[in-house]
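Listed below are the residues making up each chain.
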Amino acid sequence: RPFHVEPTNIVSVNDDMQRVTDEASAMNKRIHYYSRLTSPSDRALIAPDHVLPAPDEIYVYSPLGTAFKVDSCTDGYGKNSSIVTIFMIWNTMMGTSILSIPWGIKQAGFTSGIILILLMGILTLYCCYRVVKSRKMIPLIDTSNWEFPDVCKYYFGSFGQWSSLLFSMVSLVGAMVVYWVLMSNFLFNTGKFIYNFVHDINVTDIVPGTNGSNKVICPSAASGHPPQNRSVMFSSGNDTGFELFEEWWNKSKTVPFYLIAVLLPLLNLKSPSFFAKFNVLGTVSVVYLVFLVTVKAAHLGIHLEYNWFTENDFFVPEFRILFPQLTGVLTLAFFIHNCVITLLQNNRNQENNVSNFTILCLCVPRLSVVIIFASFPSPPLSKECIEQNFLDNFPSNEIMSFVARIFLLFQMMTVYPLLGYLARVQLLRQFFGSAYPSVFHVLVLNVAIVGAGVAMARFYPNIGGIIRYSGATCGLAFVFVYPSLIYVISQHRAGQLTWPALIIHIFIILLGLANLIAQFLL
């Protein structure tokens, strides 16, 4: 009997083959984009030898230029499900800013803080939409492997290329400085916990705090200064060994220098591919932080009182003139515009991109704000006690906080070399044509970056301030100015620009400029 094939089956087979071909082409374009970031001899950003991974071995490219494998959340053709896309962007956006958002809410007031988060989320969502659409507005050019800096170069020439490089370096170096301050903080508290545990030392806080098993402290009250990221002093009798330990284990005077011995050699490695394997720790750390604050809130309860314009001993007004400090932090908290195209184009269901990003922009930061700020025990403590790093409001000998610091410390020590590598690639390739021109060039750059981190950890260990300055600076370009200008230029060239659209986008640019200026005035 002759073999018979139904025409519908032939069509189905052809469709499947075409889909595989299209997916292979899309994967090749993404691989080409990441491969051209480094020299051919550098394997850090080079894709695996199998150009198109097997259905059960899909490699997802993170904005840090690293590849990690997703085993069960893809459709078998190199695309990710919506849940994987959400977690990828979640891991990228949450970062260190989650630690400072409660402090930002305290600076702005609870009600105005919630309003600002919603407005910044909507504005960021709109600007991200413009970033994604900007690539598609370019006619007669294959832009499938372009990222947003490439789009800026197309529209603004060499100025767009160098200005995007400058603001990218601001975001990278700013993140590395914040990381150094936080690593010093976490290493200090971790070392203090281990020393006290090993030597069976029972320390007593001399700072105000709550009683009971879920203790919350107010480190800033001991010095009489506004809350800052300072170390907490303890008393332990006349034990000379403990006093000597405190002298050599100081959060701002000694610990930042100890990190140099570990991290500076790692920054000088030609390829940080080993550390890319620990990328997943970012999601684990953030999930644990959410778990930590949820458990703490369940025990502490909700402590809110609405005072619209007046201030009392325990609560802050609902509206405060310092609200730009929150908008600066939020600009970095929502900052993903220089890599959003790559993250979203890996989504299997492209029609869900807007809804996925909407969920992230409007819901991610609110969780930490509502839980941490609302549950802070006022009274007996004042909301003014909320630290720029909210983990400083928990004693160093508290178990759950100790675990959180360990997670974050190890995560940051593995991500820090990756950030340094990206800074090296972006800067040295522009000036010298190679990501590793010589050991001397790389060493000078890394010493400068590490020196900035040590100086900040020593003299200005305020992560809220660093985040809002760097966030408002890089956000001015990538969030407010470039997306708006590109949209206006493209619409003007197409003859479709209207006066309302022009006024709206000029207003967005002015908002970004005002946000940056306000950081230096308040």
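Refer to the preceding data block for the structure.
Note that the structure is a prediction, hence the values are computed from the model and not measured. (Residues numbered from 1 in each chain as written. Predicted model: local features only at pLDDT ≥ 70, side-chain atom pairs only at ≥ 80, totals over all residues. Heavy atoms only, no water.)

Describing empty space enclosed by the protein
Stated formally: The way it works is a 1 Å grid over only the protein atoms, where trapped points that fit a 1.4 Å probe form a cavity and open points with protein on both sides within 12 Å along at least five of seven lines form a pocket, and then any residue with an atom within 4 Å of a point lines it. Grid points are joined across faces, edges and corners, and a volume is the space filled by probe spheres set on the points. For helices the rule is a DSSP run of H or I covering at least 4 residues; for strands it is a run of E covering at least 2, with both sets numbered from the N terminus onward.
In the structure shown here, the tally under the stated rule is 6 cavities of 30 Å³ or more. By volume, the largest cavity is sized at about 130 Å³. As for the largest cavity, its lining consists of 14 residues, of which Leu-300, Ile-372, Ser-375, Phe-376 and Phe-394 are closest to the centre. The set of elements that each furnish at least two residues to the lining of the largest cavity consists of helix 9 (281–300) and helix 12 (353–375).

With respect to the side chain of Glu-318
The test is simple: Relative accessible area decides the class of each residue, using a 1.4 Å probe on protein chains only: under 20% of the type maximum gives buried, over 50% gives exposed, and in between gives partly exposed. Positive charges are assigned to Lys and Arg, negative charges to Asp and Glu, while His and the chain termini are left out of the count. Any carboxyl oxygen of Asp or Glu that lies within 4 Å of a side-chain nitrogen of Lys or Arg is treated as forming a salt bridge with it. When checking whether two residues touch, look at their non-hydrogen atoms; a contact exists if any pair is within 4.5 Å.
Within the secondary structure layout, Glu-318 lies in the loop between helix 9 and helix 10 (324–333). It turns out Glu-318 is buried and unbridged, and the closest side chain with the opposite charge, Lys-383, is 9.2 Å from it. Those residues in contact with Glu-318, other than ones at most four positions away along the chain, are Ala-108, Gly-109, Phe-110, Thr-111, Ser-112, Glu-305, Tyr-306, Asn-307 and Trp-308.

A look at the state of the cysteines
In plain terms, the rule: The criterion for a disulfide is a pair of cysteine sulfur atoms lying within 2.5 Å.
Taken as a whole and judged by the stated rule, the model has 1 disulfide. Between the sulfur atoms of Cys-218 and its disulfide partner Cys-385 the distance amounts to 2.0 Å. On the sign convention where negative is left-handed, the bridge of Cys-218 and Cys-385, at about -80 degrees about the S-S bond, is left-handed. Within this pair, whereas Cys-218 is found in the loop between strand 3 (204–205) and strand 4 (234–235), its partner Cys-385 is found in the loop between helix 12 and helix 13 (399–432), the two being separated by 167 residues in sequence. Given a relative accessible area of 2%, Cys-218 falls into the buried group.

Considering the packing of aromatic side chains
Short version of the rule: Centres within 6.5 Å are what make two rings of Phe, Tyr or Trp a pair, Trp counting through its six-membered ring; a difference in plane orientation under 30 degrees is then read as stacked, over 60 as edge-to-face, and the rest as tilted. Two thresholds decide whether a charge sits over a ring: the Lys NZ or Arg CZ must be within 6 Å of the ring centre and within 35 degrees of the ring normal.
Taken as a whole and assessed by the stated rule, the structure comprises 14 aromatic pairs. Here Phe-193 and Phe-402 contribute two aromatic rings whose centre-to-centre distance is 4.0 Å and whose plane-to-plane angle is 20 degrees, an arrangement assigned as stacked. Taken together, the positions of Phe-193 in helix 5 (residues 148–198) and Phe-402 in helix 13 put the pair 209 residues apart, joining distant regions of the chain. With respect to class, Phe-193 is no different from Phe-402; both count as buried. Between Phe-245 and Trp-249, the ring centres sit 6.1 Å apart and the planes meet at 20 degrees, which makes this aromatic pair stacked. For the pair formed by Phe-245 and Trp-249, the shared burial category is buried. Put simply, the rings of Tyr-195, Phe-245, Trp-249 and Tyr-258 pair up and form one aromatic cluster. The ring of Tyr-436 is capped by Lys-270, whose NZ or CZ atom sits 5.2 Å from the centre of that ring. Cation over ring: Lys-383 sits above Phe-373, and NZ or CZ is 4.8 Å from the ring centre.

What about the nonpolar core?
Operational definition: In this text, buried Ala, Val, Leu, Ile, Met, Phe, Trp, Tyr and Cys residues form a nonpolar core when linked through side-chain atoms within 4.5 Å.
Among the nonpolar cores identified, the biggest contains 97 residues, and Leu-99, Trp-180, Met-183, Leu-289, Leu-391 and Tyr-416 are the most heavily contacted of them. For this core, the leading source of residues is helix 5, giving 17 residues. Contacts of Leu-391, omitting those with residues within four sequence positions, involve Leu-99, Phe-186, Leu-289, Leu-292, Ala-404, Arg-405 and Leu-408.

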